[in-house]
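Residue strings, one per chain:
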Amino acid sequence: MGPASLRALLAHSIDYAGLFPPANLALEPALRNHSQYVRVPESWMLGAFILPIAEFDAAGRHLSDFDGEYPLRISALGPRPDSAEAFLKSLSASIDAIATFETRFEAASIEQLEMPLPADVNADLLKAIRQRLGHSDLKTFWEAKADAAEPITELLSENNAANADRKLGFKLRTGGVTAEAFPSSAQIAIALMAAGTRGMPIKFTAGLHHPVRLFHDSVQTRMHGFLNVLGAGVLALEHDWRQNEVVQMLDDEDADSLSFTEDFFAWRDWRISTEAIVARRELVTSFGSCSFDEPRDDLRALKLF
């Protein structure tokens, strides 16, 4: 299973997104994969299954491989509306669909909702989101483009300050199937710091297939490493890093810069205890990946477990 610090950093960190590029699996084989993943020794790394709300009814026909011992934990993915008005209609419909799904299927639970924000988001829209959510304890992550991370996290933070009981989270896209889809290390650093300094949960999606940053022929650019991103997130929180330090870690392509023991995780001379990682992961939460096999295979190749 690897050292305790690695388990703390990666516990339930990989939300399986097999329906999405580049895997692009159909729903039934993707759910079949997930039913196998919840039973493997490395299931401690597995997070939720990313399921578009539009696929709820279809998914209900393929739940026989899940049960009380091996449930299907879902992150519901809402649609991408163009305007605030369309967004609120979609959000209301999504919340209703989530409630209906949970009453119908005992082998599945919906743990969080992810949804892109419209371009015209403002403070009034976030207040309306709160009203639509009501007293639900559903975790939520609201996606915006990397270059909008600073203003969007500020809006989310202001809303969270007035509603301390449940925090709205931020979702950042960290890659895709083309070079242009990958934000720079500086953009990721700004988002990490903007969320971290405001005590806001953040999750990531796309492009984080490999543990350590590397150039990949499939996209003809450098792909960010999930150990770099999650590690920089917890270390930045622990040591009050500045942007330059976060960027340096995100840019590091040397796996030997990272070390894991039972007691601590370190990048170069910076350390964080295993206990502190667990606490910091409350804010640096997870990442969506269309593959659960690639991350495990790469970690084995690095002899981390």
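Our structure is the block above this text.
Residues numbered from 1 in each chain as written. Predicted model: local features only at pLDDT ≥ 70, side-chain atom pairs only at ≥ 80, totals over all residues. Heavy atoms only, no water.

K.L.:
Give a description of the pattern of salt bridges that names residues and reports values.
P.N.:
Per the stated rule, a full pass over the model turns up 20 salt bridges. Close ionic contact of Asp251 with Arg213 constitutes a salt bridge, the shortest N to O distance being 3.8 Å. Placement of the pair is Asp251 in helix H9 (residues 243-251) and Arg213 in the loop between strand S7 (202-205) and strand S8 (214-216), with a sequence separation of 38 residues. The class of Asp251 is partly exposed, set by a relative accessible area of 35%. Accessibility expressed as a relative area gives 13% for Arg213, which makes it buried. Among the ionic pairs, Arg213 bridges to Glu253, the shortest N-O distance being 3.7 Å. Taken together, the positions of Arg213 in the loop between S7 and S8 and Glu253 in the loop between H9 and strand S10 (258-260) put the pair 40 residues apart, joining distant regions of the chain. In this structure, a network of salt bridges that share partners links the residues Asp15, Arg80, Glu114, Glu143, Lys171, Arg173 and Lys203. (Salt bridge = Lys/Arg side-chain N within 4 Å of Asp/Glu carboxyl O. Helix = DSSP H or I, 4+ residues; strand = E, 2+ residues; numbered from the N terminus. Buried < 20%, exposed > 50% of the residue type's maximum accessible area, 1.4 Å probe, protein only.)

K.L.:
I'd like a rundown of the sheet that holds strand S6 (residues 168-173), residues and numbers included.
P.N.:
With parallel pairing, 8 strands are arranged side by side around a closed barrel as S1-S2-S3-S4-S5-S6-S7-S13. If you compare each strand with its neighbour and ignore which way they point, the axes differ by 30° on average. Relative to S7, S6 runs parallel, the two sharing 4 bridges. If you follow Lys171 over to S7, its bridge partner there is Lys203. (Pairing = 2+ DSSP bridges. Axes fitted to C-alpha atoms, helices over the stretch in contact; angles between N-to-C directions.)

K.L.:
Describe the packing of helix H6 (residues 149-161) against helix H7 (residues 185-197), and please don't skip the residues or the numbers.
P.N.:
One way to put it is that H6 packs onto H7 with a least axis distance of 9 Å and a crossing angle of 15°. Judged by the inter-axis angle, H6 sits roughly parallel to H7. Every pair of crossing elements has a handedness; the one defined by H6 and H7 is right-handed. Only Ile190, Ala191, Ala194 and Ala195 of H7 make contact with H6, whose side of the interface consists of Ala149, Glu150 and Thr153. Class assignment for the residues of the contact of H6 with H7 results in 5 nonpolar, 1 polar and 1 charged. (Parallel < 35°, antiparallel > 145°, perpendicular 65-115°, else oblique. Left-handed = near helix turned anticlockwise from the far one by under 90°. Contact = heavy atoms within 4.5 Å. Nonpolar A, V, L, I, M, F, W, Y, C, P; charged D, E, K, R; others polar.)

All we've got here are geometric facts, nothing functional implied.
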